[in-house]
Structure formats: C-alpha cells, structure tokens
Amino acid sequence: MNTHPTPHLPPLPPAGSAHRPAACPPAARPGASYQLSLPTDARMALARGWLWLGLAALIGSGVFSVLLVAARTPYVNQWLPTANFFHIALVLHVDLSVLVWFVAMAGMLWSVHGQPRAQSLGWWALWITGAGTLAMALAPFVQPGEPIMANYIPVLDSPLFLAGLVVFGLGAALLVLRDLWTAPRLGLQWAGRGALHFGLSAAAVATAVALLSFAWSWWVLPGSLHGKAYYEILFWGGGHALQFTWTLLMLVAWLWLASACGARLLVTPRVVLALLLLALAGVFVTPWAYLAHDVASVEHRNLLTWAMRLGGGPAILPIGLAVVLGLLTLRGLSAEQRPLRAALLASVLLFASGGVIGIFINGSNVRIPAHYHGCIVGVTLALMGAVYRILPALGYQAPQGRLATWQPWLYGIGQLMHIIGLVWSGGYGVQRKVAGAEQVLRSTAEVAGMGLMGLGGLIAIIGGLLFVVVVLRAMGRAAADSAAATATPRSAP
C-alpha cells in the first residue's frame with residue numbers, strides 16, 4: 001500500500017485571477033467551494049485507462065451513427081451486412097454512447113476518488129469491461145442477430161453480443177466492488193470536497209443496486225418469456241436504478257465545474273450532502289419493488305417509475321439553480337475556464353429541457369425519446385466538462401480556444417433542436433422506435449418536425465465527434481511538449 005499522503009491539486013485559478021488580484025482571501029469570500037482531491041500516484045494511470053475506454057466508446061458510437069445514416073440512404077444501404085442494419089446500428093449507437101460511455105466516466109472518477117489500494121482489481125475491471133465492449137461492437141459485423149429495442153439497454157439477440165454484455169457487466173461489477181472497498185471515510189466533514197466524495201460513493205451504491213436488480217430479474221424471470229418482453233422486464237428494474245447513478249454523477253460534475261470556474265456557491269456543503277442523500281434514497285425503493293411485487297407485474301413497473309421521478313428530482317433543481325446563479329456573477333474567465341462554463345451551462349439547459357418535456361408525456365410517441373434524450377445529453381455534457389477539468393491532472397493540457405468552448409454549445413444546441421423536433425412531431429402522434437415509411441408522416445408539420453429532429457441530430461453528431469477531437473488534441477499537445485522538452489539539450493554549465 002502507498003503510505004505517502006495524497007497531494008491535493010489546486011483548483012483552476014478563480015475567474016479573472018490572471019488579470020487582477022482577488023478582492024479578498026478565499027476564506028472570506030461568501031459561498032462554498034467544491035473541489036475534488038486529485039492524486040498524483042498510480043490511480044491516475046487507471047483513470048487514464050477509463051478515459052481511453054470512454055473515448056473509444058464515443059468514436060464507435062459516432063461510426064454507428066454514420067452507419068445509421070447509410071442504412072437510410074438508397075443504394076448505399078445495399079452494401080451493409082443485413083437488410084435490418086438500421087436497428088442494429090441503433091442498438092450499438094445507444095449502448096456505446098450511453099451505457100459504455102457513462103460506466104467509463106464513472107470508472108475515471110471512481111479511480112481518483114478511492115484510496116490507493118486494490119489497483120490490480122481496478123485494472124482487471126477495466127480490461128474485462130473493455131473486452132465486453134469490443135465483443136458488443138464486433139457483433140453487428142460477425143453475428144448480428146435480431147435487434148431488440150428494449151428500454152434502457154437495447155440488445156442484439158446474438159450469442160456474441162449477449163456474451164459481450166455479460167462480460168461488460170462483470171467488469172462493471174468489479175469496478176463498483178473496488179470503489180466501495182477503497183472509498184474514503186466520510187466522517188463528519190461538511191466541506192465541499194467531502195460532499196463530492198459522498199456523491200461519488202452514493203453513485204457506486206446505486207450502481208451496485210442496479211447490478212443486483214439485473215441479476216434478480218434474470219433469476220426470477222419465467223422461461224416462457226422471449227424476445228422484447230423478456231428483455232424489457234430484465235432491464236427495467238436495474239435500468240431505473242442506473243438513472244440514480246447518472247444523476248448523482250451529473251450533480252457532482254456540476255458542483256465541481258462551477259467551483260473550477262471560480263464560482264462561490266451559496267448552497268452549503270451540509271445542504272448539498274442532504275440533497276445527494278435524498279437523490280440516493282430513492283434507489284432503495286428498488287429492492288422493495290422486487291420483494292413486494294412480481295417482476296412482470298404492472299405494480300412493479302409503476303413503483304420503480306414513481307421512485308425514479310420522486311427520488312432524484314428534488315435534488316436537481318436547487319443544485320442546478322445554485323450553479324447557474326454562481327456562474328452569472330463571474331467575469332473575465334481564463335481560457336481554461338471557458339470550456340468548463342460552456343459544458344456546465346449546456347448541461348443544465350439540456351437536462352432542464354428533458355425534465356420539462358417529461359411532464360407533458362402522454363401516450364407512446366416520440367415525446368418519450370425527447371424526454372430521455374434531453375436528460376441523457378445533460379449528463380453527457382456534464383461528464384464532458386469533467387473530462388476537460390481532469391485532463392491537466394492526468395498529465396495532458398487543459399483544453400482551450402474557440403473549438404473547446406464552442407464544442408459543448410454545438411453538441412447541446414444540436415441535441416436541443418433534435419428534441420424540439422421530436423416534441424413537435426409527438427404532438428401529432430408520431431410513434432417512437434420506427435423509421436422510414438413506418439413513421440407514417442401525413443402532414444407538412446410532421447415532416448418539418450422530423451426534419452428538424454434530423455438536422456439537430458446531425459449537428460449533435462458533429463459536436464460529439466468534436467469533443468473527441470478536442471481531447472485528442474490536448475493529449476497530443478502534451479505529448480509534443482514532452483517530446484520537445486526531452487529532445488532539447490541542456491545548456492553547458
């Protein structure tokens with residue numbers, strides 16, 4: 001075990017500090033500061049590994065998004081492996097951009113959150129999770145199977161894909177086990193850093209509940225179920241629990257990014273801790289739903305849906321308002337802080353849009369994907385901002401410049417156009433999970449709404465790929481600077 005004390009990396013300089021001295025010492029400024037303690041030991045190498053897995057997932061998701069367009073393009077689609085490749089590509093696009101990306105980002109944050117022990121367990125978790133991801137990504141070309149558009153985790157009914165998904169789940173289980181084993185003691189610290197560490201630990205607990213729910217559903221599901229009905233019930237309980245994980249990670253990222261920008265938040269660490277505890281409490285309804293009702297019953301489904309709506313929601317609004325109000329007072333941000341602010345504001349905007357849309361869902365139409373696209377993209381943007389913040393601690397350069405600042409807005413605005421188009425079309429009853437002629441677009445308004453959806457989706461794809469470009473450029477500049485420093489001969493004494 002590493003017995004050396006873990007150093008605390010200083011936060012990014014407060015807004016405007018490069019141009020003028022602070023008006024008062026940090027201790028005298030109003031509001032609380034929320035900064036994660038980032039180590040400089042072997043844990044950072046593990047965090048870099050999870051970051052690379054997340055980038056690979058986004059690249060793969062981008063490839064499958066291009067194949068989605070190709071599957072809808074006449075003459076081009078005949079070169080694809082199967083006639084149903086649109087839904088096959090959609091399955092991989094969703095799983096890579098949501099499930100794998102989110103788990104990889106959780107792994108990155110949990111790697112720097114825990115104590116410096118059980119490193120080998122962390123590396124086993126990374127390699128097993130990566131192997132499962134690779135198997136799932138190869139399945140459409142090797143053994144595609146039938147695409148099943150189940151909620152939370154769509155799948156291919158293919159031995160290779162399903163084996164990859166199981167392996168991925170085992171890797172995720174090892175990741176959660178290591179974080180729960182190495183998590184720092186919470187104690188009675190009411191500082192902002194302690195609140196963030198509690199949020200990360202709470203996200204690990206929620207993920208453990210989700211994994212147990214998946215296993216529980218698999219164990220009790222009747223063998224007579226097949227196809228979509230089977231996978232819908234299999235992933236329903238654990239999928240709801242995972243929403244608490246993503247929400248907790250997003251809230252931690254919001255607070256961290258706001259403080260990294262120099263904002264002093266008026267919400268106290270004690271209140272934040274209570275709100276995060278409230279967000280976690282809802283996940284414990286999940287085992288009660290399994291004990292009280294059959295997994296295939298309507299009561300089981302409704303109880304889980306109720307817990308998700310009432311559990312995480314109350315914590316989001318006050319924390320979101322606190323970070324936005326804290327940012328409004330900032331002036332003269334540095335080049336490194338502007339991309340962080342852009343990611344944070346875009347994240348709050350998209351998540352709020354998804355939440356408002358959820359209030360008006362009525363029936364099974366494209367308003368449902370508009371709701372969860374807004375919420376999921378809100379989480380994604382928060383995690384993109386977290387990557388920008390952690391890159392300097394991982395030994396890379398901090399993203400800066402116009403491309404890094406505009407990337408979150410481009411991605412966010414594209415997704416906002418996407419969900420507005422879906423809401424517009426949903427008002428006319430356009431059904432979800434259909435494509436092409438199956439959508440039955442009767443009026444000009446329906447066509448316009450879905451056209452706006454498509455244009456926004458294209459802009460969002462470009463914005464997502466630009467995130468990969470920005471991160472790789474920051475990594476490349478750091479490598480070039482290191483190589484130049486190594487090659488520069490020392491001056492003679």
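Counting restarts for each chain, with residues numbered from 1 along the sequence as it is written. pLDDT decides what is reported in this predicted model: residues at 70 or higher carry local features, side-chain atom pairs at 80 or more are listed and counted, and totals for whole chains, interfaces and linings draw on all residues regardless. In computing side-chain properties, one takes all heavy atoms of the structure into account and sets aside hydrogens as well as water.

## Some thoughts on the nonpolar core
Working step 1: Put simply, buried Ala, Val, Leu, Ile, Met, Phe, Trp, Tyr and Cys residues joined by side-chain atoms within 4.5 Å make one nonpolar core. Between buried and exposed lies partly exposed: a residue is buried under 20% and exposed over 50% of the maximum accessible area for its type, with that area taken using a 1.4 Å probe on protein chains only. Of all hydrophobic cores here, the largest spans 140 residues; its most connected members are Trp254 and Phe467.
Working step 2: Runs of E in the DSSP output that reach at least two residues are strands. Runs of H or I that reach at least four are helices, and both are numbered from the N terminus. For this core, the leading source of residues is helix α6 (residues 227-260), giving 21 residues.
Working step 3: Sequence-distant contacts of Trp254, that is, excluding residues within four places in its chain, are made with Ile316, Ile319, Gly320, Val323, Leu344, Ser347, Val348, Phe351 and Ala382.
Working step 4: Residues Ala289, Leu303, Leu304 and Ala307 belong to the second largest nonpolar core, which totals six residues. Any pair of residues with heavy atoms lying within 4.5 Å of one another is described as a contacting pair.

## Quick word on the environment of Ala45
Working step 1: For Ala45, the location among the structural elements is in helix α1 (residues 43-71).
Working step 2: By relative accessible area, which is 26% here, Ala45 ends up partly exposed.

## Overview of unusual backbone geometry
Working step 1: Residues other than glycine seldom take positive phi values, yet Ala118 does so here, at roughly 55 degrees.
Working step 2: Take Ala118: it is sitting in the loop between α2 (85-113) and α3 (119-142).

## Quick notes on the packing of aromatic side chains
Aromatic ring pairs are defined here through the distance separating the ring centres and the angle between the ring planes.
Working step 1: A pair of aromatic rings is counted whenever rings of Phe, Tyr or Trp (Trp by its six-membered ring) have centres within 6.5 Å, and the orientation is called stacked for planes under 30 degrees apart, edge-to-face for over 60 and tilted otherwise. Summed over all chains, the structure comprises eleven aromatic pairs.
Working step 2: Taking the centre distance of 6.1 Å and the plane angle of 25 degrees together, the rings of Tyr231 and Phe235 count as stacked. Of the two residues, Tyr231 and Phe235 are both situated in helix α6; the distance of four residues between them amounts to about one turn of the helix. Here Tyr231 and Phe235 have matching classes, each one buried.

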